[in-house]
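Descriptive analysis of the structure
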Amino acid sequence: MKLKMNYKLATKCLYSDKEGTSCDKSGAISFPIYQSATFAHPGVGNSTGYDYSRLQNPTREHLEDIVCSLESGYDALAFSSGMAAISALMEIFSPGDHIISGNDLYGGSIRLFDNINHKNQITFDYIDTGNDDIESYITPSTKAIYVETPTNPMMNVTDIVKVAAIAKKHNLLFIVDNTFLSPYFQNPLVLGADIVIHSGTKFLGGHNDTLAGFLVVNSAELSEKLRFIIKTIGSGLAPFDSWLILRGIKTLSIRMERQQKNAIKIVAWLQTNEKVKNVYYPGLPDHPGYEISKKQSRGFGSMLTFEVETSDLALKILSSVQLIHFAESLGGVETLITYPMTQTHADLSQEKREETGITPTILRLSVGIEDIDDLIYDLSQAF
Ligand SMILES: *Cc1c(COP(=O)(O)O)cnc(C)c1O
């Protein structure tokens, strides 16, 4: 029997810290894909621990163990996409419940809240969780505070420890979408959150090849509720996709470091470009979230947003990049440029977009692992 070790993050990306789960009896170093819908029972009232893959599958379970350990959680659940994870999470709320949410969220999350959850009589207040007085929005129906930090796409930072204290005082669930920094750079549960969300499609998978989502929780009670939901609604991640995300996570540490290094160089280049009006990156000392980021994160990540002089220039850049792809999504090894206005945030009202500063001159970059010289060359020719 192997000893349970207290591994550091880069090692945890490769090995589950649960005893005996890293290898099956063949000794396979790459965890096998258990492509089976159902599992035979050794006898009546007996189970191998696996009955049916909607409930659990060994490949999915191994992935969940790794993500759980990366976030220092009590349990992690893997879903077929980030939105599947958030939809499942919303099932723990009831008609009449109220949620205080950040106002600069992934567009798909707002679409879910305003169309599906709202229809089920769950109400939302969208506020600036980094600056507004959260307590003044709490009502007797409030059940949770929901934040992304840094936010998408404006890179606003919320103080996780501060909001965790408010949530605790008022007995609210504190939910943090940690997609932008990944568990490699930030661990909200350790800072006092109750539930962490990931779109595993992004940094965890890292190769722009699979959709996945995660919920990581800090208690047996939440784990039990969500395990009931995942088996009932059937949105768990498939075995092959679980394996792809496992393979992606193996290189999370080196990808995060390299992508951040490239991002910092692009930020510096953008700052010297006179056609760029603003650069939003939490690693800039004059970014309002810089000090909080340094306190709560181990890195600033590889997402950055910038504002150019005119919308014509923004459109020109989008149509002129050659190496960089004009595409939605983020976190992968390939650098992507996004136009939040017509892509990720297209479904928001004009008013809501303006409130958070998403204008036709705003572009978002997810920086990949390419050679930095090639990236800067591509950006300069596109400008
Ligand atoms: C992409 C994303 C989601 C949704 O995840 P999918 O895997 O695309 O369903 C949720 N939150 C954030 C911050 C995201 O970037």
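None of these values were measured; they are calculated from a predicted model. (Residues numbered from 1 in each chain as written. Predicted model: local features only at pLDDT ≥ 70, side-chain atom pairs only at ≥ 80, totals over all residues. Heavy atoms only, no water.)

Moving on: the overall build of the chain. Within the chain one finds 13 helices and 12 strands. Relative to a compact globule of 383 residues, whose C-alpha radius of gyration would be 21 Å, the chain shows 21 Å and is just as compact. Across its three principal directions, the C-alpha atoms of the chain cover 70 × 50 × 35 Å. Evaluated residue by residue, the chain yields a buried proportion of 56% over its 383 residues. Sequence-distant contacts, at least 24 apart, represent 72% of the contacts inside the chain between residues at least 6 apart. Looking at the chain as shown, the accessible area adds up to about 16,700 Å², and 53% of this sits on carbon and sulfur atoms. (Helix = DSSP H or I, 4+ residues; strand = E, 2+ residues; numbered from the N terminus. Rg over C-alpha atoms; globule rule 2.2 N^0.38 Å. Buried < 20%, exposed > 50% of the residue type's maximum accessible area, 1.4 Å probe, protein only. Contact = heavy atoms within 4.5 Å. Areas by Shrake-Rupley, 256 points an atom, 1.4 Å probe, with all protein chains shown as cover.)

Glancing now at the packing of aromatic side chains. Each pair of aromatic rings is reported with the distance of its centres and the angle of its planes. Throughout the structure, instances matching the rule amount to 12 aromatic pairs. A centroid spacing of 5.7 Å and a plane angle of 45 degrees characterise the contact between Phe39 and Tyr50, whose relative ring orientation is tilted. Remark: Tyr50 occurs in the loop between helix H1 (9-12) and helix H2 (58-70) and Phe39 occurs in the loop between H1 and H2; sequence separation between them is 11 residues. Pairwise contacts between aromatic rings join Phe113, Phe124, Tyr126 and Tyr146 into one cluster. The ring of Tyr106 has Lys202 sitting right over it, with the charged end atom 4.9 Å from the ring centre. (Phe/Tyr/Trp six-rings, centres within 6.5 Å; stacked < 30°, edge-to-face > 60°. Lys NZ or Arg CZ within 6 Å of the ring centre and 35° of its normal.)

What follows concerns H2. If you check H2, its first and last C-alpha atoms are 18 Å apart, about what 13 residues at 1.5 Å a residue would give, namely 18 Å. With respect to burial, H2 is a largely interior element, 12 of its 13 residues being buried. Residues of H2 that are buried include every one of Pro58, Thr59, Arg60, His62, Leu63, Glu64, Asp65, Ile66, Val67, Cys68, Ser69 and Leu70, and no others. Capping the start of H2, Asn57 holds a side-chain oxygen 2.9 Å from the backbone nitrogen of Thr59, two or three residues further along. (Expected span 1.5 Å × (residues − 1). Polar contact = N/O pair within 3.5 Å; in protein donor to acceptor, adjacent residues only side chain to side chain.)

We note that the domain assignment places domain 1 (20-249) and domain 2 (252-382) within the chain. The centre of domain 1, based on its C-alpha atoms, is set 25 Å off from the matching centre of domain 2. Taken together, the contacts link 40 residues of domain 1 with 42 residues of domain 2. Here domain 1 meets domain 2 over a buried area of about 3,500 Å², counting both sides, of which 59% is carbon and sulfur. A salt bridge links Asp159 to Lys295; the nearest nitrogen and oxygen atoms lie 2.9 Å apart. Taken together, the connections running from domain 1 to domain 2 amount to 18 residue pairs in polar contact (both at pLDDT 80 or more). Those elements that place two or more of their residues in the side of domain 1 that touches domain 2 are helix H4 (107-119), helix H5 (160-169), helix H6 (182-185) and helix H8 (239-250). (Domains from an automatic or database assignment. Buried area = accessible area lost by both parts, 1.4 Å probe. Salt bridge = Lys/Arg side-chain N within 4 Å of Asp/Glu carboxyl O.)

Here we come to the nonpolar core. Membership of the largest hydrophobic core comes to 44 residues, with the highest contact counts inside it found for Leu63, Ile145, Phe174, Phe214, Ile245, Ile249 and Leu252. Summarising the domain contributions, this core has at least three residues from each of domain 1 (20-249) and domain 2 (252-382). Discounting chain neighbours no more than four positions away, the residues touching Ile249 are Cys13, Leu63, Ile66, Val67, Leu70, Leu204 and Arg255. Ranked by size, the runner-up nonpolar core spans 32 residues in total, among them Ile266, Val276, Ala382 and Phe383. (Core = buried A, V, L, I, M, F, W, Y, C linked by side-chain atoms within 4.5 Å.)

Let's shift gears to the site of the ligand. Every residue near the ligand is listed here: Ser81, Gly82, Met83, Tyr106, Glu148, Asp177, Thr179, Ser199, Thr201, Lys202, Ala212 and Leu330. Between Gly82 and the ligand, the recorded distance is 2.8 Å, taken from a backbone N or O atom to an oxygen atom. Taking Ser199, its side chain carries an N or O atom lying 2.8 Å from an oxygen atom of the ligand. Relative to its free-state accessible area of 380 Å², the ligand is covered by the protein chains to the extent of 94%. Here the shell around the ligand is built from residues that sort into 4 nonpolar, 5 polar and 3 charged. (Near = heavy atom within 4 Å. Nonpolar A, V, L, I, M, F, W, Y, C, P; charged D, E, K, R; others polar.)

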